[in-house]
Amino acid sequence: MTKRIAVLPGDGIGPEIVAEAVKVLEALRDFGFNFETEQAAIGGAGYDAAGDPLPEASLKLAKHADAVLLGAVGGPHYDKLPRDLRPERGLLRIRKELNLFANLRPALLYPELAAASSLKPEVVAGLDIMIVRELTGDIYFGQPRGIETRPGLNGQRERVGFNTMLYSESEVRRVAHVAFGIAMKRRGQLCSVEKANVLECSELWKEIVIEVSKEYPDVALSHMYVDNAAMQLVRAPKQFDVIVTGNIFGDILSDEASMLTGSIGMLPSASLDESNKGMYEPIHGSAPDIAGQGIANPLATILSVVMMMRYTLNETVLADRIDTAVQKVLAQGYRTGDIYTEGTNRVGTAAMGDAVVAALRG
Ligand code: IPM
Ligand code: MG
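Residues numbered from 1 in each chain as written. Chains lettered and ligands numbered in written order. Predicted model: local features only at pLDDT ≥ 70, side-chain atom pairs only at ≥ 80, totals over all residues. Heavy atoms only, no water.

*Asks:* Tell me about the layout of surface pockets, residues and numbers included.
*Replies:* There is about 600 Å³ of room inside the largest pocket. As for the largest pocket, its lining consists of 29 residues, and the residues nearest its centre are Glu-88, Leu-91, Leu-92, Arg-95 and Tyr-140. Tallying contributions element by element places helix H4 (residues 87-97) first for the lining of the largest pocket, with five residues. Of the residues in the lining of the largest pocket, the class split is 11 nonpolar, seven polar and 11 charged. In terms of domain composition, the lining of the largest pocket takes at least three residues from each of domain 1 (1-107 + 278-362) and domain 2 (118-261). (1 Å grid on protein atoms, 1.4 Å probe; cavity = no way out; pocket = protein on both sides within 12 Å on 5 of 7 lines; lining within 4 Å. Points joined across faces, edges and corners; volume = space filled by probe spheres on them. Helix = DSSP H or I, 4+ residues; strand = E, 2+ residues; numbered from the N terminus. Nonpolar A, V, L, I, M, F, W, Y, C, P; charged D, E, K, R; others polar. Domains from an automatic or database assignment.)

*Asks:* Go over helix H6 (residues 169-185), please, and point to the residues and values.
*Replies:* An ideal rise of 1.5 Å per residue puts 24 Å on 17 residues; H6 measures up with 25 Å between its terminal C-alpha atoms. Of all the residues in H6, the buried ones are Glu-171, Val-172, Val-175, Ala-176, Ala-179, Phe-180, Ile-182 and Ala-183. Take H6 and look down its axis: the buried residues cluster within an arc of 160°, on one side only. For H6, the secondary structure elements touched by its buried residues are strand S4 (102-108), strand S5 (128-134), strand S8 (189-194), helix H7 (200-213), strand S9 (220-225) and strand S10 (242-245). (Expected span 1.5 Å × (residues − 1). Buried < 20%, exposed > 50% of the residue type's maximum accessible area, 1.4 Å probe, protein only. Arc of directions from axis to C-beta. Contact = heavy atoms within 4.5 Å.)

*Asks:* Can you break down the sheet that holds strand S2 (residues 35-39) residue by residue, with the values?
*Replies:* Taking strand neighbours across the sheet as the criterion, the 10 strands line up as S2-S1-S3-S12-S11-S4-S5-S10-S8-S9 in an open arrangement whose pairing is mixed. Edge positions in the sheet fall to S2 and S9, since each has one partner strand and no second. Sheet twist, expressed as the average angle between the axes of neighbouring strands with direction ignored, equals 20°. The pairing of strand S11 (residues 268-272) with strand S12 (residues 278-282) spans five bridges and is antiparallel. When the sheet's bridge partners are listed, Ser-269 is paired in S12 with Glu-281. The sheet strands contacting H7 are S5, S8, S9 and S10, and the helix crosses S8 at an angle near 160°. (Pairing = 2+ DSSP bridges. Axes fitted to C-alpha atoms, helices over the stretch in contact; angles between N-to-C directions.)

*Asks:* Describe the pairing of strand S6 (residues 146-151), naming the residues involved and giving the relevant values.
*Replies:* Here S6 pairs with strand S7 (residues 157-162) via six bridges, running antiparallel. Following the sheet pairing, Ile-147 is matched in S7 by Gly-161. Joining the antiparallel neighbours S6 and S7 is a turn of five residues, in which Gly-155 adopts a positive phi near 85°.

*Asks:* Which residues make up the pairing of strand S1 (residues 3-10), and what are the values?
*Replies:* Across the eight residues that make up S1, a large majority, seven, are buried. Across five bridges, the pairing between S1 and S2 is parallel. The partner of Ile-5 across the bridge, within S2, is Thr-37. In terms of handedness, the path from S1 via helix H1 (residues 14-27) over to S2 forms a crossover that is right-handed. (Right-handed = clockwise from strand over helix to strand, strands pointing away.)

*Asks:* Which residues make up the environment of Leu-61, and what are the values?
*Replies:* Relative to the elements of secondary structure, Leu-61 occurs in helix H3 (residues 56-64). Put simply, Leu-61 and Gln-39 are 22 residues apart on the chain and 8.5 Å apart in space, counted from C-alpha to C-alpha. Those residues within four positions of Leu-61 in sequence are excluded, and the remaining contacts are Ala-6, Glu-38, Gln-39 and Ala-40.

This is how it looks when you write it as structure tokens:
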């Protein structure tokens, strides 16, 4: 059967890195992978093309596809737009519209990149963490939200900004099930991260996670406050197997975890709905500062294709093939600037993509 993959390159380095991932997909034809892609605009590109960061046509394409591959969104020239028209809003809306509530962000250290990590090699060697971030709730979407004029500190009216951290029991329950399921297939340890010492929302989160844990007696559940988790991630990251957390904490912790692995340019993600349909994107942003220079690292996007094969398209053998190819190019010494260390071979975006394709074929 022909798989339909919606390709949403987005902004900044998005189009460059997505092009390399599509190259890798094309190379999979030789292994019998049958697919067609269709491209559409999202983010700033959506705004430029249709006045909307998530044009109707792009959403429709994504909804009807078997899987979605996304680059990145955002750029400084869109920052002055009204909030609803900003690139980030397009990303948040597509996650919500497709009901992609479970965001899987693995932080895996490739041994060859240990020297690129800002932590000591012995602290990160063998690192393999999976962060399961809830993606369609929390302070990102909670109502009420806004900026209003109200009496301030001295009684005079001034502007206040506010958002609402909010989770329903069912929202926590469904993402908890995903996280426990993943922990079962890994080392059987799940750490739920919240701030239950201060926030009611976190108190409920913790209660529901404990309730769900009763169905997974083989998983060892622990709890950690988010401030401590942020500290433990740089102190002793290998204590973690699977982390489950809310949207905002997961956003922050996954950026932190990415640096343990040497570069945010290495980390892929999967965003899944109830039936494992998903959108796949690197966790890094659109990096406007290096856009158009051909130096961005395409590996996070290529590894996102690996996750797409694994989680949505059930092509485990192909997933392993691409994964092995990436390991091979790292072993061969190919490095983009973000993971470059002395004595390795510095290459650009396209050359890195070509090297992966060559390794796939070779
Ligand atoms: C991410 C990004 C997004 C988020 C932004 C671009 C809206 O930081 O995917 O982690 O906050 O979720
Ligand atoms: Mg983020």
